[in-house]
Amino acid sequence: MAPPHSFTSKPSDAVRRRLSSISTNRPNVQAFSSLTPMWAGIAGSLLANKAGFELAISVHDSVYNTDFSSTILPYDAAQSDKQTEVIESHVISTLRKFSSEHLCKFLGAGVTLSLLREAPNLCTRLWMELDIVPIVFNIKPYHTDSATRTNIKHRIGSATGSFAPSGAETPTVYVDPSVLGQTSGLLSPGGVQQKLPIPCTIDEQADSAARKALMYFGPGNNPRLSIGPRNQVTVDAAGKIHLIDDLDTYRNSVSEGTWNAVVQLADELREKKVKIGFFSSTPQGGGVALMRHALIRFLTLLDVDAAWYVPNPSPSVFRTTKNNHNILQGVAAPTLRLTQEQKDNFDAWILKNGLRWTAEGGPLAPGGVNVAFIDDPQMPGLIPLIRKVRPEVPIVYRSHIEIRSDLVHKEGSPQEEVWKYLWNNIQHADLFISHPVNKFVPSDVPIEKVCLLGAATDWLDGLNKELDPWDSQYYMGEFRSLCVKEKMSELGWPRRDYVIQIARFDPSKGIPNVIDSYAKFRELLRTKGKLDDDETPQLLVCGHGAVDDPDASIIYDQVIKLIHSDAYRHLAEDIIVMRLPPSDQLLNALMANSKIALQLSTREGFEVKVSEALHASKPVIASRTGGIPLQIQHGKSGYLCDVGDNDAVAGHLYNLYTDDKLYETMSNFARRNVSDEVSTVGNAAAWLYLAVMYSRGEKIRPHGQWINDLLRKETGQPYREGEPKLPRGGLDVLG
């Protein structure tokens, strides 16, 4: 046992004064210009006499251990729930106090398995309350000898068993205390018996956990993406990262009907040992990857056997697929065509990836998945291969982009050419899932195969969870630094409000309309004399990139050129346009601290960013396109405008910004009226339902129905009066 010890490092008062120099007229907003990123290691174990619980916290700056504390907490085995609360609260309060005193932000924490057994919800609380990524390690209470490669020198085998060849189980290190009595100046062995393991004290375990946790963070201090054998996306570092361990956290995020349906369906899949496989094009960036990370995390917690696979990335193929995407949406140049050479390259790419999955032991080989879900227009080539190798496996194809039905049947058009190529493969699927959007499905697709399912987002991940003000200011400081690095105009928050559009830099996202609407809004403020210049809001346009999106830089450059054109040059200092690194919490903080959200897409799929903004209590002004009108209740949670009607957008911006009562009413309504269907839990219910029905051997013929309606009926969980629900009327998805 290490002796009790308090943190000893002293923060600098001069640094605190310097970093708190941001001027703000909002006393409730904390505004230090930057916080230092830090990591922690947390370990704990019961004392030998079971009279107390020893807990240690080690603080690491990514290079050195900078401080540590250890304490003995009273322990009563008869009150396990109370004991758990005491341990968890001590850790939370200690880290929060250290952060405040030392002006730092803990990004990650290594947590020992022995501590997690005593405080099973510690990781959930670290993630939800302190925005710390918890990573769990089985650090033993005695020293072990690392298994090493054969080229490491001075590793001599011995009879003690302290050496093992590479790949063997990590052995225990033993000590021979007889040498102590033969060497002057060393402590007496004190009656220690020969060849006992060398103990590892709690503070050593905590420091080891901190150092191990650091290895899981990469560039930009983001958790590293983890890809396993055969390109399986091993979500959350193959389970070492524990964001949510408490199922009740998910349960509390949805209605009772949604939760009951999920539990009922998951129980049946577990009992039947059904294996589910998801296949999509990229492991990060873009909406599909975000949904899959959240879905696999949740299904793993439910103990449902689900895995997600991606192909090896090919820049040449992704250029082709992005062209196809733009062609199908009708936003590509009329001269852009899908050539035979590109088709051959595309086919060869999907075949060689598919053969890895159909080979012995692969997810699509005999004995592999029982149902396959195919995402993205990049992956249809996989469908005929599955049909050939595993004809009995049900295949569900999900189409998440807008397909211009009016153009795909126009003879000789680029859209017809691309759709025919894709449909040649898609037609072999058992089911065609479409976003619930008018004219989204070409008439080639038999209506009996079509069902509807919107996109989803996770209320508990870094993109949407509620951030503590301390953590929020850290990400705002990071954004400020990114702007300085790129010599972009600085966001004046918290001194000034801002209007935001978060979207990829894509030709269909309507960014020119965003800029023009903002200019007209500023003109309204000027002519009506409502606000001084330093009180007017700024405009922020930002978003992530994706592995398969080569257009982003082109669109970004076009936007910057537009801002500095004669029409908008006078506002250039107040328009911030940024391509952001892949940090969910950064986007979260930017949305949460904004005043009003825009989504002025010209063509759109579902665009769940709208629901994310509403969930953050932000009124949304958006275009009537794609699935956006399903998410906004016009005049209650936001406003819907015709594409290109920038005067209407400017008018709604003016009313929301100058009428505090209107703004507050809309904000409150927005937060309370987001459907479970767009959440991870509600979306998971749809996939679980399909897997259950196919596992029963049933042929699903939905005839254009919503999957959520089918699963609610199947599980006996009808919608209750007043339960938020996406509108069902007026849809005709076939073009």
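Residues numbered from 1 in each chain as written. Predicted model: local features only at pLDDT ≥ 70, side-chain atom pairs only at ≥ 80, totals over all residues. Heavy atoms only, no water.

## Points about empty space enclosed by the protein
In this approach, a probe sized like a water molecule rolls over the atoms, and the result shows the empty space that is left.
Inference 1: Following the criterion strictly, the structure yields eight cavities of 30 Å³ or more and no others.
Inference 2: Counted as a void, the largest cavity has a volume near 860 Å³.
Inference 3: Contributing to the lining of the largest cavity are 46 residues, with G286, G287, V288, R504 and K509 lying nearest its centre.
Inference 4: Of all the secondary structure elements, the ones that give two or more residues to the lining of the largest cavity are α10 (287-301), α11 (315-329) and α20 (609-615).
Inference 5: It is α10 that contributes the most residues to the lining of the largest cavity, six residues altogether.
Inference 6: Here the lining of the largest cavity is composed, by residue class, of 15 nonpolar, 16 polar and 15 charged. (1 Å grid on protein atoms, 1.4 Å probe; cavity = no way out; pocket = protein on both sides within 12 Å on 5 of 7 lines; lining within 4 Å. Points joined across faces, edges and corners; volume = space filled by probe spheres on them. Helix = DSSP H or I, 4+ residues; strand = E, 2+ residues; numbered from the N terminus. Nonpolar A, V, L, I, M, F, W, Y, C, P; charged D, E, K, R; others polar.)

## Focus on unusual backbone geometry
Inference 1: Residue P494 follows W493 across a cis peptide bond; omega there is 5°.
Inference 2: Mapped onto the secondary structure, P494 falls in the loop between α16 (469-485) and β14 (498-502).
Inference 3: Its identity is not glycine, yet K439 carries a phi of approximately 55°, on the positive side.
Inference 4: Relative to the assigned elements, K439 resides in the loop between β12 (431-434) and β13 (450-452).
Inference 5: Exposure remark for K439: the relative accessible area of 43% places this residue in the partly exposed category.
Inference 6: Phi at S617 takes a positive value of approximately 65°, unusual for a residue other than glycine. (Buried < 20%, exposed > 50% of the residue type's maximum accessible area, 1.4 Å probe, protein only.)

## A short note on the layout of surface pockets
Inference 1: Roughly 1100 Å³ of volume is contained in the largest pocket.
Inference 2: Surrounding the largest pocket, 45 residues form its lining, N222, P223, P582, S583 and D584 being those nearest its centre.
Inference 3: Looking at the lining of the largest pocket residue by residue, the class counts come to 23 nonpolar, 15 polar and seven charged.

## Notes on the pattern of salt bridges
Two side chains with opposite charge may pair up if their charged atoms get near one another.
Inference 1: This structure, assessed with the given rule, holds 37 salt bridges.
Inference 2: Here the residues in one salt-bridge network are E85, E88, R125 and E129, joined through shared partners. (Salt bridge = Lys/Arg side-chain N within 4 Å of Asp/Glu carboxyl O.)

## Focus on the sheet that holds strand β5 (residues 133-137)
Sheets are built from strands paired through backbone hydrogen bonds, the pairs being either parallel or antiparallel.
Inference 1: Strand order in the open sheet made by the five strands is β3-β2-β1-β4-β5, with mixed pairing throughout. Two strands lie at the open edges of the sheet, namely β3 (65-74) and β5, each paired on one side alone. Sheet twist, expressed as the average angle between the axes of neighbouring strands with direction ignored, equals 20°.
Inference 2: For strand β2 (residues 52-60) and β3, the ladder comprises nine bridges, and the chain directions are antiparallel. Considered in β3, the bridge of A56 is made with S70.
Inference 3: Strands in contact with helix α6 (residues 202-214) are β1 (36-46), β2, β3, β4 (104-112) and β5; relative to β2, the strand with the most contacts, it is inclined by about 40°. (Pairing = 2+ DSSP bridges. Axes fitted to C-alpha atoms, helices over the stretch in contact; angles between N-to-C directions. Contact = heavy atoms within 4.5 Å.)

## Looking at the nonpolar core
Inference 1: Core analysis: the largest hydrophobic core is formed by 187 residues, its most contacted members being I276, F278, L382, F479, L590 and L690.
Inference 2: The element that contributes the greatest number of residues to this core is helix α24 (residues 680-695), accounting for twelve residues.
Inference 3: With sequence-adjacent residues up to four places away left out, L382 is seen in contact with F279, I350, G354, W357, L364 and I374.
Inference 4: If you look at the next biggest cluster of nonpolar residues, it comprises 27 residues, including M38, Y75, L122 and C123. (Core = buried A, V, L, I, M, F, W, Y, C linked by side-chain atoms within 4.5 Å.)

## Points about the packing of α11 against helix α12 (residues 340-358)
Inference 1: Where α11 meets α12, the axes come as close as 10 Å, and the angle between the chain directions of the two elements is 115°. Crossing hand, α11 versus α12: left-handed. Residues S316, V317, F318, T320, T321, N323 and N324 of α11 form the contact with α12, whose own contacting residues are Q342, N345, F346 and W349.
Inference 2: Tallied by class, residues from the contact of α11 with α12 come to four nonpolar, seven polar and no charged. (Left-handed = near helix turned anticlockwise from the far one by under 90°.)

This is a description of form; function is not addressed.
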